[in-house]
Amino acid sequence: MIKVSLFSLCVLMFLACGNDINKSVNPRMELGFNDYWRFQLGNAEGVEKASFDDSDWRQLHLPHDWSIEGEFSPDHPATVGGGALPGGIGWYRKTFTLCDTDSVRRHVLRFDGVYMNSEVWINGTFLGKRPNGYISFEYDLTTYLRFGSRENVLAVKVSNDPQPNSRWYSGSGIYRHVWLTKTARVFIDQNETHITTPAINHKKAEVAVSTQVQNTSAQPMNLTCMISIIDPAGKQVRDEKLKIMVDVKQSYSVNVALNISDPVLWSVKNPALYTAVVKVYDEDKLIDKTENTFGIRYFEFDPANGFSLNGEPMKIRGVCNHHDLGCLGTAINTRALERQLEIMRGMGVNAIRTSHNPPAPELLDLCDKMGFLVMDEMFDMWKRAKSPYDYHLYWDEWHKRDLRDFIRRDRNHPSVILWSVGNEIPEQWDESGAEIVKELVSIVQELDTTRAITVGCNPPKPDNKIVSAGVLDLVGFNYDLANYESFPQVFPDKCFIATETTSALATRGHYEFPSDTLYRWPMRWDIPFSRENGEHTISAYDQVSTPWGSTHEEAWKIIKKHDYLSGMFIWTGFDYLGEPTPFGWPSRSSYFGIVDLAGFPKDSYYMYKSEWTTDTVLHIFPHWNWNEGDTVDVWCYTNVDEVELSLNGESLGTKSKTGDDLHLMWRVPYKSGILQAKGTKGGVLVMEKEIRTTGEASEIRLDADRKVISADGDDLSFITVSIRDASGNIHPDADNLVHFEIEGPGTIVGVDNGNPVSHASFKAKSMMAFHGLCLVVVQSTHETGVIRLSATSDGLKDAQIEIQTGSQMEAF
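So, how was this worked out
- The residue count restarts for each chain, going from 1 along the sequence in the order it is written.
- Only residues with pLDDT of at least 70 get local features here, since the model is predicted, and only at 80 or more are side-chain atom pairs given and counted; chain-wide, interface and lining totals rely on the full set of residues.
- Side-chain descriptors were evaluated using all non-hydrogen atoms of the structure, hydrogens and water having been removed beforehand.
- Side-chain atoms within 4.5 Å link the members of a nonpolar core, which is a set of buried Ala, Val, Leu, Ile, Met, Phe, Trp, Tyr and Cys residues.
- Partly exposed residues are those whose accessible area sits between 20% and 50% of the maximum for their type, while under 20% is buried and over 50% is exposed, using a 1.4 Å probe and protein chains only.
- For this analysis, residues touch if any pair of their heavy atoms sits within 4.5 Å.
- In this text, helices come from DSSP runs of H or I with a minimum length of four residues, and strands from runs of E with a minimum of two, each type numbered from the N-terminal end.
- When DSSP finds two or more bridges between a pair of strands, those strands are recorded as paired.
- Only the stretch in contact is used when fitting a helix axis, every axis being a line fitted to C-alpha atoms; angles between N-to-C directions are given from 0 to 180 degrees.
- Note on terminology: angles under 35 degrees are roughly parallel, angles over 145 are roughly antiparallel, angles of 65 to 115 are roughly perpendicular, and the others are oblique.
- For a crossing to be left-handed, the near helix must be turned anticlockwise from the far one by less than a right angle; the clockwise case is right-handed.
- For this classification, the nonpolar set comprises Ala, Val, Leu, Ile, Met, Phe, Trp, Tyr, Cys and Pro, the charged set comprises Asp, Glu, Lys and Arg, and every other residue, Gly included, is treated as polar.

A few words now on the nonpolar core. Residues Tyr92, Phe111, Ile174, Phe301, Leu373, Leu403 and Trp624 are the most contacted members of the largest nonpolar core, which totals 178 residues. Ignoring sequence-local partners within four residues, the contact set of tryptophan 624 consists of Val632, Val634, Leu647, Val668, Tyr670, Lys671, Ser672, Gly673, Leu675, Ile691, Arg692 and Thr693. By size, the runner-up hydrophobic cluster in this structure holds 29 residues, among which are Ala184, Ile227, Leu258 and Leu265.

This is how it looks when you write it as structure tokens:
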């Protein structure tokens, strides 16, 4: 299968048109269909007609989220729970042509996600509607297309109206990729391709491949089907050839079992991927070809011993994440997803929960390649509403089809080990809950029996109707930490997973004393919390959580203690737009994340890093800019044996973790100067860290996560902007407004600072620093060269950085 972006489409179209279709039909092509769309916000009459004049509409490149371009306001119908950004109705149109030789092909249009209530027309003919804003779906365009010089017009209406229809920021528009797939009229049905590994040991693995060959041509076809397995090194290790006959308008089910010797097992440490290649020939002519990556691995959830992968016991160290990408909104970008996973891996995360809906396919591809386990989740609600206009309105008509499409799409990913068919479902406390969960589990098992199934329940008591139905493989706990240790007695012979934990709260860079006082905010879940000082800030010491949740340390201490506790998914890995618990407006994003909205870690990140990785960790905080006479609590997250703290060369004592300690603390009378920590292992100094009292803010520094990116029009460089004193120390209180200018083959696509109360546009060319930091995101164009970004601010020394863009042309 050939899979390319529209950047290469013109060349491919030329090649395809240049072939004599009577001699040969090219194998399938999956073409990125993201370029040259036109967009208009607002409704209008006759837009679906091919003759409609859209010449004055905005031209853009998908994926696109129009909400992130709007202004923050508490008056938007989405409310602050939905990010305080606008929804509404938008129209997208695309005009394209196809070669005359394409008239013998089948053409399928696939949308990876449109939020929400999409309606699609081709050349004025209505193709269908899809209410779910997260599901992937497709339409067969074949019988409606025009060829040669005649133009085709796609029209897509997207309605994120009425609102609220989500409990968090949803975004609006065609926010995931669009693909046009061309095949012959006889083709392999990718939706029916399923790869399993029913028998595995370290010497041999059985790989079962099933698919369907469909014949939409006007004559029966005698064909040859070839199935090959390619190992992670690119070597073909097995193949099998079958003769098949597919009658007119019929399909043929192909099922083979192939034994692989000495398999390389997929794991989080070694995410080795095999490829199943299916080819269909008419005599010696190749007429279709598909490739599906998969992993050979086995896993088990055990009531006594928890989770194991390939026979190795392992704690699931997971995080929940919503689907927005901070300042990029929900417009999906593979590099932005990869960066999030890299940041999570840096603290030791090995699992992701797709809270609370189907993710972008690219996320699962990355998890396959990078070695993350996935809890793949389908529904946040069933028939009963959580928001007035949410998916409950479409449940009866759509839930079966959406669930089947979800399982078919994701079931070949080795990263996926858990299906979740619900989260905090209101029906868990009425009689309908048992019947619905039985139906959903049966649908999943029709299509995949190789993974465990769960639901995030709150709380999962024995009389919970979803749990007591007896069909779930794991009892999913959302919070309810007090009952983790009694789980074996309450649910004997059942498997445990903490589907959602913690809900600790923090503002990056903000500290309050004393740090060993715990707070549970808000006082009531249904009323926004108001602090006495009126500020919407929360101490970054691990001392604040929601009343239904816990601090980071409270949750991890319990999870790490017992083998039967398979693991946890923390709420959340990253801050996200919307749901600004415990506050209301002017807050517009969450405080839950271990990492803030801009991707800057909060201090709790290093607690997990010290516990979940083998890296040497010595992280001391807070900053050292206080008032003389203050008493400052100095915390240290570490995995060394002993830490000595000193202030201006004077020792404040040596400490080590004892019992179930997860941090060290010194209570220190403040004096300006240098706070230094020295960490030893076995009596040997292994790491030193120091924090200095800073002078006045003096300069800007720019640091890019990647200084060489692809010139593919999508790749990104995330540039950290720090405000520093004359000695190069980050100023912890700096809030300077920084202006950006860019030259060369790149554009600024987002700015952020991680401040949940900021109302600055994410699409501006300036941003205020927040506790000394902000972020600018630069995207490549299709040209190679050097991007030059400049940053200026009144009273500060300017900064510049260069980003190289390289060629992205692919051989085909």
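The amide bond that connects tyrosine 115 to the next residue, methionine 116, takes the cis arrangement and shows omega of -10°. Look at the link from serine 355 to histidine 356: it is a cis peptide, with omega at -10°. Along the chain, histidine 356 falls in the loop between strand 23 (351-354) and helix 3 (361-370). Positive phi is not limited to glycine here, since asparagine 123 has a value of about 50°. The backbone phi angle of aspartate 493 is positive, close to 65°, even though this residue is not glycine. Here aspartate 493 is to be found in the loop between helix 7 (487-490) and strand 28 (495-502).

Here we take up the pairing of strand 12 (residues 186-200). Inspection of the sheet shows strand 12 paired to strand 13 (residues 204-215) by nine bridges, in the antiparallel sense. The residue bridging alanine 199 from the neighbouring strand is glutamate 206, located in strand 13. Following strand 12, the chain reverses through three residues before pairing antiparallel with strand 13.

Across the sheet, which stays open at both edges, the six strands sit in the order 4-3-5-10-7-8 with antiparallel pairing between neighbours. Looking along the sheet, the strands with just one partner apiece sit at the ends: strand 4 (58-60) and strand 8 (125-130). On average, adjacent strands in this sheet sit at an angle of 25° to one another, irrespective of strand direction. Where strand 3 (residues 37-41) lies against strand 4, three bridges are found, and the strand directions are antiparallel. By the bridge assignment, tryptophan 37 is partnered in strand 4 with leucine 60.

As a further point, take the packing of helix 2 (residues 334-346) against helix 3. Helix 3 packs onto helix 2 with a crossing angle of 45° between their chain directions and a minimal axis gap of 10 Å. When the interaxial angle is binned, helix 2 and helix 3 end up oblique. For helix 2 against helix 3, the interelement crossing comes out right-handed. Between helix 2 and helix 3, the contacting residues are Thr334, Leu337, Glu338, Leu341, Glu342 and Arg345 on the first element and Glu362, Leu363, Leu366, Cys367 and Met370 on the second. Residue classes in the contact of helix 2 with helix 3 are distributed as six nonpolar, one polar and four charged.

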